Amino acid sequence: MALTTAAPPTYDDVRVVVPAPGPGAGNWAGAASAVLVDGVFWLTWRVRRPLTDGRGVSVVVARSADGVTFEPVTEVSREAFGAESFERPVLVPLREGGWRLYLSCATPGTKHWWVDSLTADTVERLPGGVRRRVHEGDRETGVKDPVITVGDDGYEMWLCCHPLDEPGHEDRMTTRRLTSVDGLDWEDRGEVLAGRPGEWDARGARVSAVLPDGTVLYDGRKDAESNWFETTGVAVWDGTALTRTARPPISSPHADGAFRYATAVPLPDGRVRYYVEAARSDGAHDLVTCVR
């Protein structure tokens, strides 16, 4: 397999899809996932405010005909899950019909995270859908920010894991790959990505998008101080292992440089529409899009 065939996103010609909920650092729209179904773009993202104003307060699901202008369809609040904060959600059209919304939930008063889900026959009914815990994590590990792909034989999850064994160092992250027949009960296939000492992704590596041709985008950062300001690396998945490319990380030219949580939607014409959380000049993060 070639190292990569899909051109990755860059900040050069992005368009803002969802502006930050307010000015300044800590106000972020992003951590999105997207899918194209029957000519309709479906986008879900978390609304995040500064630490003093509640962090990840809700998850929005919206639809669009052109992939740029979105109309909100429904919203889920963290209070409904007893979560202190939300991080990346994932909206998945199910192989057996219907929809599932996966939610990254913070356990109150801790550094622990778990993954929950809502399942319904339509997107509009998801807030009242069937709720099911998908991955609990454990006392030593917080889990969040899943990337989920659907194949002919089931579902595949790339799960971000945060070790909780060293107080004050819970920001470290690795990625594990899991598979499932139904998207609810998962079998862990092992760690596929971790930080590299001395490199730009030394503190951790989180898969953010997996394309059909094997192109993989991932978030990384060099130190704890760069938490929340990750930049995007490129790798390739050959079905067995992830191999990182030599290209430098992709960043925003503004403020903290964050260019993270990239999600990819293959288009009928062979190109890819990307959605990325990107820093702007005042330190807020907008959700932006570009086509490559």
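Residues numbered from 1 in each chain as written. Predicted model: local features only at pLDDT ≥ 70, side-chain atom pairs only at ≥ 80, totals over all residues. Heavy atoms only, no water.

Looking at an unreviewed UniProt entry, one finds the protein chain named Glycosyl hydrolases family 43 and attributed to Nocardioides alpinus.

K.L.:
Break down the sheet that holds strand β15 (residues 215-221) for me, citing the residues and quoting the values.
P.N.:
As summarised here, the arrangement of the four strands in space is β14-β15-β16-β17, forming an open sheet in which the pairing is antiparallel. Of all the strands in the sheet, just β14 (204-210) and β17 (242-244) have a single pairing partner and so form its edges. Direction aside, the axes of adjacent strands within the sheet are offset by 40° on average. Relative to strand β16 (residues 231-237), β15 runs antiparallel, the two sharing six bridges. Its bridge partner being in β16, Asp 219 is matched across the sheet by Thr 232. (Pairing = 2+ DSSP bridges. Helix = DSSP H or I, 4+ residues; strand = E, 2+ residues; numbered from the N terminus. Axes fitted to C-alpha atoms, helices over the stretch in contact; angles between N-to-C directions.)

K.L.:
If you had to explain the packing of aromatic side chains to someone new, which residues and values would you point to?
P.N.:
A ring pair, where both rings are aromatic, is described by two values, the distance of the centres and the angle of the planes. Scanning the model with the defined rule gives six aromatic pairs in all. Taking 6.0 Å as the distance between ring centres and 65° as the angle between the ring planes, the aromatic pair formed by Phe 81 and Phe 86 counts as edge-to-face. Across the pair, Phe 86 and Phe 81 agree in class, each one buried. Sitting over the face of the ring of Trp 228, Arg 48 holds its NZ or CZ atom 5.2 Å from the ring centroid. One residue, Arg 260, lies across the ring of Trp 28, its end atom 5.1 Å from the ring centre. (Phe/Tyr/Trp six-rings, centres within 6.5 Å; stacked < 30°, edge-to-face > 60°. Buried < 20%, exposed > 50% of the residue type's maximum accessible area, 1.4 Å probe, protein only. Lys NZ or Arg CZ within 6 Å of the ring centre and 35° of its normal.)

K.L.:
Could you give me a rundown of the nonpolar core, with the residues and numbers involved?
P.N.:
Counting 19 residues, the largest nonpolar core has Trp 42, Phe 81, Phe 86, Leu 101, Leu 103 and Leu 126 as its most contacted members. Contributing elements (two or more residues each) for this core: β3 (40-48), β4 (56-64), β7 (99-106) and β8 (113-120). If one sorts the elements of this core by residue count, β7 sits on top with four residues. Formed by 17 residues, the second largest nonpolar core is a distinct cluster that contains Phe 41, Trp 45, Ala 62 and Leu 267. (Core = buried A, V, L, I, M, F, W, Y, C linked by side-chain atoms within 4.5 Å.)

K.L.:
For the state of the cysteines, give the residues involved together with the corresponding values.
P.N.:
Summed over all chains, the structure comprises zero disulfides. No disulfide involves Cys 161; its sulfur sits 6.6 Å from the nearest other cysteine sulfur, which is in Cys 160. (Disulfide = S-S within 2.5 Å.)

K.L.:
Account for the sheet that holds β8, with residues named and values stated.
P.N.:
Strand order in the open sheet formed by four strands is β6-β7-β8-β9, with antiparallel pairing between adjacent strands. Two strands close off the open sheet at either side, each with one partner strand: β6 (90-93) and β9 (130-135). Strand-to-strand twist of the sheet, defined as the mean angle between neighbouring strand axes without regard to direction, takes the value 25°. Relative to β9, β8 is paired through five bridges, and the arrangement is antiparallel. Each bridged residue has a counterpart across the sheet, and for Thr 119 the counterpart in β9 is Val 130.

K.L.:
So what's going on with the pattern of salt bridges? Residues and values would help.
P.N.:
Scanning the model with the defined rule gives 29 salt bridges in all. Residues Arg 244 and Asp 201 are paired through a salt bridge, measuring 2.9 Å at the closest nitrogen-oxygen approach. Residue Arg 244 is found in strand β17, and its partner Asp 201 is found in the loop between β13 (187-193) and β14; the two are separated by 43 residues along the sequence. Given a relative accessible area of 23%, Arg 244 falls into the partly exposed group. When its relative accessible area of 0% is taken as the criterion, Asp 201 is described as buried. With its nearest N and O atoms 3.0 Å apart, the salt bridge here joins Asp 219 to Arg 206. Residue Asp 219 is found in strand β15, and its partner Arg 206 is found in strand β14; the two are separated by 13 residues along the sequence. On the basis of relative accessible area, Arg 206 is assigned to the buried category, the value being 3%. Residues joined by salt bridges that share partners form a network here, namely Arg 46, Glu 87, Lys 144, Asp 145, Asp 171, Arg 203, Arg 206, Asp 219, Arg 221, Glu 230, Arg 260 and Glu 277. (Salt bridge = Lys/Arg side-chain N within 4 Å of Asp/Glu carboxyl O.)

K.L.:
Tell me what's going on with the pairing of strand β11 (residues 154-163), and back it up with residues and numbers.
P.N.:
Within β11, nine of the 10 residues are buried, which leaves the element mostly enclosed by the surrounding structure. Note that strand β10 (residues 141-151) and β11 share nine bridges and pair antiparallel. Within β11, the position partnered with Lys 144 by the bridge is Cys 160. Counted along the chain from β10 to the antiparallel partner β11, the turn is two residues long. Looking at chain direction, β11 and strand β12 (residues 174-180) are connected through seven bridges and run antiparallel. Bridging across to β12, Cys 161 finds its partner in Thr 174.

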